[in-house]
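Structural features, examined
So the chains spell out like this:
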Amino acid sequence: MSKLYLVPTPIGNLEDITLRALRILKESDIILAEDTRKTRILLKKYNISSRLISHHKFNEHRTARDIADRIKNGEQITLVSDAGTPSISDPGYLLVKTCIDLEIPVECLPGPTALIPALVNSGFPSDTFCFEGFLPHKKGRKTRITRLAAEERTIILYESPHRLLKTLTELSESLGPERACSVSRELTKVHEETIRGTITEVIKYFSRKPLRGEFVIVIAPR
Ligand code: SAM
């Protein structure tokens, strides 16, 4: 029986893709992509001409069952996201769950994801940690931040540039301004940097210039 493959793609540097990932992409009848234009750039670089179909959070509820049926009928289908590992703060969970419920094999290849290099770069304990993804913008935000104050493991969060300072400020209010933190920006890209210090120091650093790029916040354990 065919299976659903989930293939991680680079988070910036297009060289960060495994040989097996390229082979699976090449062998796929269909590649489901969040943004087909972005994925096409990667496929073009590696001369891969598999058919691309759009699959994103706005249509995944409608199409998951149809995709599962196609796999059952022998089509080789691979899910990618714009960057990193599908299903990690990206679409994927629903399709994986649908396939598992229908006893269709699922295989996620190991590969790029932003949280792991950010955690290792931070220098905070990496033996146990919690990944919070994006905090909710409104409903439930305060509860989540309050809950983090009691967390005893290293905490990892994803954040967009225009919310970075707001989130750091709220974390400082809940966890204390002296808590150590590390923010990794533009991992694997030309302007990659990791800033370490207290939450107050990191806020000060990022307040100096307009914020651009992608960010991972890592907070030291209590
Ligand atoms: N699926 C991806 C993964 O496996 O990491 C995450 C996708 S999520 C929609 C995008 C967020 O991941 C960004 O807002 C940022 O927090 C983080 N991210 C992705 N690429 C990054 C990079 N090159 N540097 C820093 N953070 C990154």
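These figures come from a predicted structure and were not determined experimentally.

Read from one edge of the open sheet, 5 strands run E3-E2-E4-E1-E5, paired in parallel fashion. On the outer flanks of this sheet lie strand E3 (51-54) and strand E5 (106-108), each paired with one strand and no other. Strand after strand, the sheet turns through a mean of 25 degrees between neighbouring axes, direction not considered. Note that strand E2 (residues 30-33) and E3 share 4 bridges and pair parallel. Residue Leu32 lies in a different strand from E3, and its bridge partner there is Ile53. Sitting on the sheet, helix H3 (residues 60-72) is in contact with strand E1 (4-6), E2, E3 and strand E4 (77-79), with an inclination near 140 degrees to E4.

This next bit is on the pairing of strand E9 (residues 193-198). Burial within E9 is extensive, with 5 of its 6 residues counted as buried. Pairing geometry for strand E8 (residues 180-185) and E9, over 6 bridges, is antiparallel. For Val183, the partnering residue across the bridge sits in E9 and is Ile195.

A word on unusual backbone geometry. The backbone of Ser87 sits at a positive phi, close to 80 degrees, despite the residue not being glycine. The topology assignment puts Ser87 in the loop between E4 and helix H4 (93-101). You can call Ser87 partly exposed: its relative accessible area is 29%. Backbone geometry places Ser89, a non-glycine residue, at a positive phi of 50 degrees. Relative to the helices and strands, Ser89 resides in the loop between E4 and H4.

It is worth spelling out the packing of helix H6 (residues 141-148) against helix H7 (residues 164-175) at this point. Contact pair H6 / H7: the axes reach a minimum separation of 9 Å and the direction vectors enclose 50 degrees. Classed by the angle they form, the pair H6 and H7 counts as oblique. Here H6 and H7 pass one another in a crossing that is right-handed. Contacts between H6 and H7 involve Arg141, Ile145, Thr146 and Leu148 from the former and Lys166, Thr167, Glu170, Leu171, Ser174 and Leu175 from the latter.

This part is about the site of the ligand. As a matter of local geometry, the ligand sits amid 18 residues, with Ile88, Asp90, Thr113, Tyr158 and Phe215 nearest to it. With respect to the ligand, the backbone of Thr85 contributes an N or O atom lying 2.9 Å from an oxygen atom. At 2.6 Å from an oxygen atom of the ligand is found a main-chain nitrogen or oxygen belonging to Phe215. Summarising the interface, the protein chains cover 91% of the accessible area of the ligand, which totals 570 Å² for the free molecule. Residue assignment for the shell around the ligand shows that the elements contributing at least two residues are strand E7 (154-159) and strand E10 (215-219). Within the shell around the ligand, the residues separate by chemical class into 9 nonpolar, 4 polar and 5 charged. Residues lining the shell around the ligand come from more than one domain, with at least three contributed by each of domain 1 (4-108) and domain 2 (115-219).

About the criteria used
- Residues numbered from 1 in each chain as written.
- Predicted model: local features only at pLDDT ≥ 70, side-chain atom pairs only at ≥ 80, totals over all residues.
- Heavy atoms only, no water.
- Pairing = 2+ DSSP bridges.
- Helix = DSSP H or I, 4+ residues; strand = E, 2+ residues; numbered from the N terminus.
- Axes fitted to C-alpha atoms, helices over the stretch in contact; angles between N-to-C directions.
- Contact = heavy atoms within 4.5 Å.
- Buried < 20%, exposed > 50% of the residue type's maximum accessible area, 1.4 Å probe, protein only.
- Parallel < 35°, antiparallel > 145°, perpendicular 65-115°, else oblique.
- Left-handed = near helix turned anticlockwise from the far one by under 90°.
- Near = heavy atom within 4 Å.
- Polar contact = N/O pair within 3.5 Å; in protein donor to acceptor, adjacent residues only side chain to side chain.
- Areas by Shrake-Rupley, 256 points an atom, 1.4 Å probe, with all protein chains shown as cover.
- Nonpolar A, V, L, I, M, F, W, Y, C, P; charged D, E, K, R; others polar.
- Domains from an automatic or database assignment.

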